[in-house]
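Below, each chain spelled out in residue letters.
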Amino acid sequence: MAVQAQALPPSPRPPPVAPKLRIELAPWDSACSEFEREIPMDSPAEHADCLRRVVESGGAQCFHVFNASRERVGMMITRVDVEAARELVIVAVYAKRDSDGSILPEIVERIDDLAAAESCVSIRFHTIRPALARVMSKRYGYRLAEVVMRKDLSDV
C-alpha cells in the first residue's frame, strides 16, 4: 500500500518585527558632543571635536540614533565616497547598549538600510577594535580590505 504525501499548509509567517533602533538625519548637537567623548580615538590628531567639525563643514552627515521608546541612545557619522563607485563610509558610531544585550545587529541593519537608500555598492569602516572586526567578518559579511599603520611624529 502506497502512502501519499500530503502537502502541509504553509506555516504562517511571523509578523515583521519593528526595529529596535531608528536613525534620523539631524544636525550636530550637544548630545553628539557627549557621545563623541565615548568613542575611542587612537591618535592625538583625532582629538575631541573632530567629528563635529567634519559634520559642520559638510564633510559627513550626522544621524541621531533612537531606541524603540524614542529615547536618544547614540549617533552615527557617515559619508559617501564616489571615487570608483558609491561606498558608504562609517566614520563613527556610538550607541548605548540595550538592557537586553548587544545592539550591534540593529546597528548593522540600519547601516545596510542607509547604504541601500544612498545607492551604495559597498560599505567601509575603520576600527581600532580587533574583536569588532572579527564579529563583522564572521557574522555580517565584511572582509579585511586594508591595514592602516600610523606613526605619531610627536613621538619621534
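Residues numbered from 1 in each chain as written. Predicted model: local features only at pLDDT ≥ 70, side-chain atom pairs only at ≥ 80, totals over all residues. Heavy atoms only, no water.

1. So, the packing of aromatic side chains
Put simply, the test is: Aromatic pairs are defined between Phe, Tyr and Trp rings, using the six-membered ring for Trp, whenever the two ring centres lie within 6.5 Å; interplanar angles under 30 degrees are classed as stacked, those over 60 as edge-to-face, and all others as tilted. Each helix corresponds to a stretch of at least 4 residues labelled H or I by DSSP, and each strand to a stretch of at least 2 residues labelled E; elements are numbered beginning at the N terminus. A ring is considered to have a charge above it if a Lys NZ or an Arg CZ atom is located within 6 Å of its centre and within 35 degrees of its normal.
A full pass over the atoms with the stated rule returns two aromatic pairs. Where Phe125 meets Tyr142, the ring centres are 5.3 Å apart and the plane angle is 75°; that geometry is what we call edge-to-face. Taken together, the positions of Phe125 in strand β5 (residues 122-125) and Tyr142 in the segment after α4 (130-140) put the pair 17 residues apart, joining distant regions of the chain. Stacked on the ring of Phe66, the Lys or Arg Arg70 has its end atom at 4.3 Å from the ring centre.

2. Observations regarding the pattern of salt bridges
To be explicit about the condition: Any carboxyl oxygen of Asp or Glu within 4 Å of a side-chain nitrogen of Lys or Arg constitutes a salt bridge here. Throughout, exposure labels follow a simple rule: accessible area from a 1.4 Å probe, protein chains only, divided by the maximum for the residue type, with under 20% read as buried, over 50% as exposed, and the rest as partly exposed.
One pass over the structure, following the stated rule, counts 13 salt bridges. Of the charged contacts in the structure, one is a salt bridge between Asp29 and Arg72, with a shortest N-O distance of 3.0 Å. With Asp29 in the loop between β1 (22-25) and α1 (30-36) and Arg72 in strand β3 (residues 72-81), the pair connects residues that are 43 residues apart, well separated along the chain. Overall, Arg72 belongs to the buried group, its relative accessible area being 18%. Of the charged contacts in the structure, one is a salt bridge between Glu34 and Arg37, with a shortest N-O distance of 2.5 Å. Here Glu34 falls in the partly exposed class, since its relative accessible area comes to 46%. Members of the salt-bridge network, linked through shared partners, are Arg79, Asp81, Glu87 and Arg124.

3. Digging into the sheet that holds β3
The criterion, for reference: Strands pair, by our definition, only if DSSP identifies at least two bridges between them. Between the N-to-C directions of two axes lies an angle of 0 to 180 degrees, each axis being a line fitted to C-alpha atoms and, for a helix, fitted only over the stretch in contact. Any two residues whose heavy atoms approach within 4.5 Å at even a single point are treated as in contact.
The strand order β1-β2-β3-β4-β5 describes an open sheet built from five strands, whose pairing is mixed. The strands lining the two open edges of the sheet, one partner per strand, are β1 and β5. Neighbouring strand axes in the sheet, compared pairwise and without regard to direction, differ in orientation by 30° on average. Two elements, strand β2 (residues 61-66) and β3, share six bridges in a ladder whose sense is antiparallel. Its bridge partner lying in β3, Cys62 is registered against Ile77. Here helix α3 (residues 104-117) sits on the sheet and contacts β1, β2, β3, β4 (87-95) and β5; the angle it forms with β4, its principal contact strand, is near 150°.

4. Side note on the pairing of β2
Buried residues dominate β2, accounting for five of its six residues. Pairing of β1 with β2 involves four bridges; the strand directions are antiparallel. In the strand pairing of β2, Arg22 is matched with Phe66. Taking the residues that link successive antiparallel strands as the turn, the β2-β3 hairpin has five residues, and the phi of Arg70 there is positive, at about 70°.

5. Description of the environment of Met76
Inspection of the secondary structure puts Met76 in strand β3. Looking at Met76, the relative accessible area reads 2%, which means it is buried. C-alpha of Met76 to C-alpha of Cys32: the two residues are 44 residues apart in sequence and 9.1 Å apart in space. When neighbours within four sequence positions are excluded, Met76 is seen to be in contact with Ile23, Gln61, Cys62, Phe63, Val65, Ala92, Val93, Ile111 and Leu114.

6. Focus: the environment of Tyr94
The residue Tyr94 is located in strand β4 in this model. The contact partners of Tyr94, leaving out residues within four places of it in the chain, are Phe35, Glu38, Ile39, Val73, Gly74 and Met75.

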